[in-house]
Amino acid sequence: MRALAPQKPISLPRASHQGARRFEVDQVMADERAASFTKRSIKTSAKLSGLKMCVAMMDLTTLEGKDTPGKVAYLCRKALQPAEPKYKVPPCGAVCVYPNMVRYARRFLGENSPVHVASVATGFPSGQFPLRTKLEETRRAVGDGADEIDMVIDRHAFLAGDHATVFDEIAVVKEACGPAHLKVILETGELVTYDNVRLASRIAMDAGADFIKTSTGKVNPAATMPVTLVMLEAIRDYFFETGIRIGMKPAGGIRTSKQALAYLVMVKETLGDDWLTPDLFRIGASTLLNDLLMQIAKVMDGNYQSADYFSLP
């Protein structure tokens, strides 16, 4: 299987987050700067390159109670070859499924697939499970072949000010991941303030996250441009302090190519070209892919294909 670039986690003692420092985010500036990225115009070859890059960065996702092995196999097939070969569209970055669907995804994709298998875990989406259960779920998903684990933080503990518990849970889940990479979902729609988003981002990175992720997709609001900007700036400052590159994954609510390209512009201008790779930036979505494919066909063929031309993700 294709390996992600290794990241060395920093291990800090529990006391480091018992009195976690506060981060003050200028909400007005965050909102205004995030809005400015949506006004950029990307044309012709740059647009085509960006659209294909978005496909390569997608975690194609199905997280429904009615998921079946057949549906997961179909999702994997779509992720491997999103469009006809003539369009030269790359595979998606990953498929993201529930833990009990991991073995079916791994069986279909095999061991050397360019598409990773990601799995939500740790009591997704609420996070309100006992730690023992969270760790068992994580180990099972990795044992069944997951390359990546998307864990949710304990928002109850965070909002109650028990940052040490949040830190410790991330650290032990990271250990349980073994060789798999860990994406830490903050569920920013429940964190209330940008200051909380910034603080939760830092706690996750200090505890060993390989990626930080906005949302489960089950809570509104999910990913937004301002929240993602706050998280990107936290990643930037962490890199300046430590030299360690942490990945970013906005998830939920990104449905159009125009939105996805605005996120790429924001990543480029906040973190630079080094982050414009599936190893360090992902987009969690289920309906976005077909819009990207329609736009790619428009650029290459000069006209829109019907939405029915592309299979459902």
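Anyway, here's the lowdown on the structure attached to this text. (Residues numbered from 1 in each chain as written. Predicted model: local features only at pLDDT ≥ 70, side-chain atom pairs only at ≥ 80, totals over all residues. Heavy atoms only, no water.)

**As for unusual backbone geometry**
Note the cut-off: Strands are runs of DSSP state E lasting at least 2 residues, helices are runs of H or I lasting at least 4, and numbering of each runs from the N terminus. Buried residues are those whose accessible area, probed at 1.4 Å on protein chains only, stays under 20% of the maximum for their type, while exposed residues exceed 50% and partly exposed ones sit between those limits.
Backbone torsion omega between phenylalanine 124 and proline 125 reads 0°, so that peptide bond is classified as cis. Structurally, proline 125 can be placed in the loop between strand E3 (116-121) and helix H5 (131-143). Residue asparagine 220 is joined to proline 221 through a cis peptide bond whose omega torsion reads 0°. Unusually for a residue other than glycine, glutamate 187 sits at a positive phi of about 50°. Of note, glutamate 187 is situated in the loop between strand E5 (181-185) and helix H8 (194-207). By relative accessible area, which is 0% here, glutamate 187 ends up buried.

**Regarding the packing of aromatic side chains**
Rule in force here: Note on aromatic pairs: the rings of Phe, Tyr and Trp (six-membered ring only in Trp) are paired at centre separations within 6.5 Å, and the planes decide the class, stacked below 30 degrees, edge-to-face beyond 60, tilted for the rest.
Under the defined criterion, the tally for this structure stands at three aromatic pairs. A ring pair is formed by phenylalanine 239 and phenylalanine 240, whose centres lie 6.2 Å apart and whose planes are at 45°; its orientation type is tilted. According to the relative accessible area criterion, phenylalanine 240 is exposed, its value standing at 62%. On the numbers, 5.5 Å between centres and 85° between planes, the contact of phenylalanine 239 with tryptophan 275 is edge-to-face. With phenylalanine 239 in helix H9 (residues 225-242) and tryptophan 275 in the loop between helix H10 (257-271) and strand E8 (283-285), this residue pair connects regions lying 36 residues apart in the sequence. On the basis of relative accessibility, which here comes to 3%, the residue tryptophan 275 falls in the buried class. Linked through ring pairs, Phe239, Phe240 and Trp275 together constitute an aromatic cluster.

**Description of H5**
Keep this limit in mind: Helix span, expected: 1.5 Å multiplied by one less than the number of residues in the helix. Comment: arc refers to directions from the helix axis out to C-beta atoms. Throughout, a residue-residue contact means that at least one pair of heavy atoms, one from each residue, lies within 4.5 Å.
When the terminal C-alpha atoms of H5 are compared, their 18 Å separation across 13 residues agrees well with the 18 Å that a helix rising 1.5 Å per residue should span. Residues Lys134, Leu135, Thr138, Ala141 and Val142 constitute the buried set of H5. Projected onto a plane normal to the axis of H5, the buried residues spread over an arc of 130° and lie on a single side. Across H5 from its buried face, at more than 90 degrees, point the exposed residues Arg132 and Gly143. In the core, the buried residues of H5 are packed alongside helix H4 (102-109), E3, strand E4 (148-152) and helix H7 (163-177). Positive backbone phi, at 120°, marks glycine 145, one or two positions downstream of H5.

**Digging into the pairing of E4**
In plain terms, the rule: We treat two strands as partners when DSSP finds at least two bridges between them. Seen with its strands pointing away from the viewer, a crossover is right-handed if its path from the first strand over the helix to the second goes clockwise.
The element E4 is largely enclosed, with a buried count of five among its five residues. Here E4 shows two buried faces, one formed by Glu148, Asp150 and Val152 and the other by Ile149 and Met151. Alignment of E3 against E4, held across four bridges, turns out to be parallel. Bridge pairing in E4 places valine 120 opposite aspartate 150. This β-α-β element, E3 to H5 to E4, shows right-handed connectivity. As paired strands, E4 and E5 are joined by five bridges and run parallel to one another. Bridging across to E5, methionine 151 finds its partner in valine 184.

**A closer look at the sheet that holds E8**
This is how it is decided: Here, axes are lines fitted to C-alpha atoms. For helices the fit covers the stretch in contact, and angles between N-to-C directions go from 0 to 180 degrees.
Taken together, eight strands build an open sheet; the order of strands is E7-E6-E5-E4-E3-E2-E1-E8 and the sheet is parallel. What marks the edges here is a single partner per strand, and that holds for strand E7 (247-249) and E8. Here the strands of the sheet are splayed against their neighbours by 25° on average, with no regard to which way each runs. Pairing geometry for strand E1 (residues 58-61) and strand E2 (residues 94-97), over three bridges, is parallel. Considered in E2, the bridge of threonine 61 is made with cysteine 96. Here helix H11 (residues 288-301) sits on the sheet in contact with E1 and E8, set at roughly 125° to E1.

**A few points about the nonpolar core**
Quick note on the threshold: Residues belong to one nonpolar core when they are buried, are Ala, Val, Leu, Ile, Met, Phe, Trp, Tyr or Cys, and are joined through side-chain atoms within 4.5 Å.
Ranked by internal contacts, the top residues of the largest apolar core, which has 92 residues, are Ile170 and Val184. By size, the runner-up hydrophobic cluster in this structure holds eight residues, among which are Ala94, Val120, Val152 and Ile185.

**With respect to the packing of H8 against H9**
Helix packing for two helices is described by the angle between their axes and how far apart those axes are. Put simply, the rule reads: By the definition adopted for this analysis, an angle is roughly parallel if under 35 degrees, roughly antiparallel if over 145, roughly perpendicular if from 65 to 115, and oblique otherwise. By definition, turning the near helix anticlockwise from the far helix through less than a right angle yields a left-handed crossing, and turning it clockwise yields a right-handed one.
Running from N to C, H8 and H9 point in directions that differ by 40°, and their axes come no closer than 9 Å. Regarding the angle of H8 to H9, the classification is oblique. For the element pair H8 and H9, the recorded crossing hand is right-handed. Contacts between H8 and H9 involve Tyr194, Val197, Arg198, Ser201, Arg202, Met205 and Asp206 from the former and Pro226, Val227, Val230, Met231, Glu233, Ala234, Ile235, Asp237, Tyr238 and Glu241 from the latter.

**Side note on H9**
Where we set the bar: Counted as a polar contact is a pair of N or O atoms within 3.5 Å, where, for protein atoms, one must be capable of donating a hydrogen and the other of accepting one, and residues adjacent in sequence contribute only when both atoms are in side chains.
Across its 18 residues, H9 extends 25 Å between first and last C-alpha, which sits within 8% of the 26 Å expected from 1.5 Å per residue. For H9, the complete set of buried residues consists of Met225, Pro226, Val227, Thr228, Leu229, Val230, Met231, Leu232, Ala234, Ile235 and Tyr238. The N-capping residue of H9, defined by a side-chain oxygen 3.3 Å from the backbone nitrogen of valine 227, is threonine 224. Just beyond H9, the residue with positive phi is glycine 243, at close to 80°.

Without other data, these values stay purely geometric and don't point to any function.
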